[in-house]
Amino acid sequence: MGHAALFVLFDKYSRRARLRPVLIMLLPPTLPLVVGVQALPRGRWLWSLVLLSGLPLLADQLGRSRGKRIEARLFQSWGGKPTVQLLRWRGPTDRQRLEFLRTRIQDIVGASLPLPTEQEESADPQRADEIYDAAGLALRVRARGLPGAELVQEQNCEYGFRRNTLGLRPYALPTAVVALLAVLAWAFAEPDFLGRPSTQLLVVLVVMETLLVAFQAFLVRDRWVASAAWLYAERLLETSALSVPGALPAGPVPGTATS
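Parameters at a glance
- Residues numbered from 1 in each chain as written.
- Predicted model: local features only at pLDDT ≥ 70, side-chain atom pairs only at ≥ 80, totals over all residues.
- Heavy atoms only, no water.
- Helix = DSSP H or I, 4+ residues; strand = E, 2+ residues; numbered from the N terminus.
- Buried < 20%, exposed > 50% of the residue type's maximum accessible area, 1.4 Å probe, protein only.
- Core = buried A, V, L, I, M, F, W, Y, C linked by side-chain atoms within 4.5 Å.
- Salt bridge = Lys/Arg side-chain N within 4 Å of Asp/Glu carboxyl O.
- Phe/Tyr/Trp six-rings, centres within 6.5 Å; stacked < 30°, edge-to-face > 60°.
- Axes fitted to C-alpha atoms, helices over the stretch in contact; angles between N-to-C directions.
- Parallel < 35°, antiparallel > 145°, perpendicular 65-115°, else oblique.
- Contact = heavy atoms within 4.5 Å.
- Nonpolar A, V, L, I, M, F, W, Y, C, P; charged D, E, K, R; others polar.
- pLDDT = per-residue confidence, 0-100.
- Expected span 1.5 Å × (residues − 1).
- Arc of directions from axis to C-beta.
- Left-handed = near helix turned anticlockwise from the far one by under 90°.

J.: Teacher, can you tell me more about the side chain of Thr 83 here?
T.: The topology assignment puts Thr 83 in helix H5 (residues 82–87). The class of Thr 83 is buried, set by a relative accessible area of 8%.

J.: Quick question: what am I supposed to make of the nonpolar core here?
T.: Where a protein is soluble and globular, its nonpolar side chains tend to be buried together. Counting 33 residues, the largest nonpolar core has Trp 78, Ile 105, Tyr 132, Tyr 159 and Val 225 as the members making the most contacts within it. Counting only elements with at least two residues in this core, the list comes to helix H4 (55–78), H5, helix H6 (95–109), helix H8 (125–143), helix H9 (149–187) and helix H11 (222–241). Counting residues per element, this core draws most heavily on H11, which supplies nine residues.

J.: Mind showing me how you'd approach the pattern of salt bridges here?
T.: A pair can form between side chains of opposite charge whenever their charged atoms are brought close. Inspection of every chain in the model, using the stated rule, returns 15 salt bridges. Linking Lys 68 and Glu 71 is a salt bridge whose minimum nitrogen-to-oxygen distance equals 2.7 Å. Here Lys 68 pairs with Glu 71, and both are found in helix H4, just three residues apart, close to one helical turn. In this structure Lys 68 comes out as partly exposed when scored by relative accessible area, which is 36%. Residue class for Glu 71 comes out buried when judged on its relative accessible area of 11%.

J.: Before we go on, may I ask you to explain the packing of aromatic side chains in this structure?
T.: The relative placement of two aromatic rings is captured by the distance of their centres and the angle of their planes. Inspection of the entire model under this criterion finds three aromatic pairs. Each ring, one from Phe 75 and one from Trp 78, has its centre 5.8 Å from the other, and the planes form 65°; the classification is edge-to-face. Taken as a pair, Phe 75 and Trp 78 lie in helix H4 at a separation of three residues, close to a single helical turn. For the residue pair Phe 75 and Trp 78, the accessibility class agrees, reading buried in each case.

J.: In this structure, what is going on with the packing of H8 against H11? I would like to understand it.
T.: Packed helix pairs are specified by the crossing angle of their axes together with the interaxial distance, meaning the distance between the axes. Closest axis-to-axis distance for the H8/H11 pair is 9 Å, and the angle between their directions is 70°. With respect to H11, the element H8 is oriented roughly perpendicular. Contacts between H8 and H11 pair Gly 136, Leu 139, Arg 140, Arg 142 and Ala 143 from the former with Tyr 232, Leu 236, Leu 237 and Ser 240 from the latter. Per-class residue counts for the contact of H8 with H11 are five nonpolar, two polar and two charged.

J.: Teacher, can you tell me more about the confidence of the model for the chain here?
T.: Close reading of the predicted structure is inappropriate where its pLDDT is low. Residues of the chain with pLDDT of at least 70 account for 81%, and the chain-wide mean is 84. Per-element averaging of pLDDT across the chain places helix H3 (residues 44–53) at the bottom with 50 and helix H7 (residues 118–123) at the top with 97. Here residues 243–259 scores under 50 on pLDDT; set against residues more than four positions off or in separate chains, the count is 33 contacts.

J.: Help me understand the environment of Pro 29, please; the structure alone is not making it clear to me.
T.: Structurally, Pro 29 can be placed in helix H2 (residues 12–36). With a relative accessible area of 35%, Pro 29 lands in the partly exposed category. As a C-alpha pair, Pro 29 and Val 177 span 148 residues in sequence and 9.7 Å in three-dimensional space. Dropping the residues within four chain positions of it, Pro 29 is found in contact with Thr 175 and Ala 179.

J.: Where do I start with H8 in this structure?
T.: Note on helix geometry: an α-helix contains 3.6 residues per turn, so any two residues three or four positions apart are oriented the same way. Taking 1.5 Å as the rise per residue, H8 with 19 residues should run 27 Å; its terminal C-alpha atoms sit 26 Å apart, in good agreement. Looking only at H8, the buried set comprises Ala 128, Asp 129, Ile 131, Tyr 132, Ala 135, Gly 136, Leu 139 and Ala 143. Down the axis of H8, the buried side of the element spans an arc of 160°, and every buried residue falls inside it. Residues of H8 that are buried in the fold lie against H5, H6, H7, H9 and H11.

J.: I tried to follow the packing of H9 against H11 on my own but got confused; where do I start?
T.: Contact geometry for H9 and H11: axes closest at 9 Å, N-to-C directions at 160°. The angle between H9 and H11 falls in the class roughly antiparallel. Judged by the twist between their axes, the crossing of H9 over H11 is left-handed. Contact with H9, carried on its side by Ala 149, Leu 151, Val 152, Gln 155, Asn 156, Glu 158, Tyr 159, Phe 161, Arg 162, Arg 163, Thr 165 and Leu 166, involves Asp 222, Trp 224, Val 225, Ser 227, Ala 228, Ala 229, Leu 231, Tyr 232, Arg 235, Leu 236 and Thr 239 of H11 and no other residues of that element. Partitioned by chemical class, the residues of the contact of H9 with H11 number 13 nonpolar, five polar and five charged.

Quick look at the structure:
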């Protein structure tokens with residue numbers, strides 16, 4: 001078994017949105033370990049052992065669980081799910097665009113799930129959001145078989161990756177900082193200490209570890225996740241609600257600025 005086994009064990013979403021955040025978290029301590037331990041076993045047997053141990057499955061679940069744990073807080077801080085906000089009468093979508101989308105979505109979900117009128121939404125916003133959320137579920141199912149589904153999946157993978165990376169940040173950032181400090185200490189150690197590599201290689205390690213710390217410290221934030229969530233919501237609504245590409249009326253893209 002080799003790296004191709006991941007393509008058998010995990011689908012595209014799991015590889016990109018769940019496993020990748022865990023691998024990024026583990027990268028800072030792994031880099032100096034691989035460089036320093038020259039006798040580190042390599043080969044197919046080691047990769048087979050990793051697969052048989054169930055570690056990839058554990059990493060998959062860890063990435064998902066940490067991301068889902070913070071999702072409710074994110075939605076609350078944003079004012080609700082982006083898909084829900086885009087369907088609200090009081091939301092960021094301009095009026096012409098909103099009326100067109102709601103008409104198309106009502107045709108899709110049918111009379112069994114009537115979308116709230118502006119007055120009904122104003123009278124009971126929570127109930128209206130529940131209906132919009134149910135409509136969003138129907139749109140996600142519908143989008144899987146439509147032209148443009150690959151773009152929706154791409155955006156969903158990106159949102160899942162960013163959300164799960166943020167969920168792992170409480171562990172990933174300290175890990176990266178400790179790894180950076182360890183490499184810096186290694187750089188000032190005796191030449192034969194723990195298989196100390198060349199100065200050039202240590203400089204490369206310090207730069208890479210610094211970039212990983214900066215990534216976790218400055219980029220992995222709520223707003224970083226929000227931008228991907230809004231793009232996914234917009235792509236989902238446009239793909240699911242349109243029977244003919246390009247039929248959406250022109251108008252400003254509602255937005256990411258509201259997050």
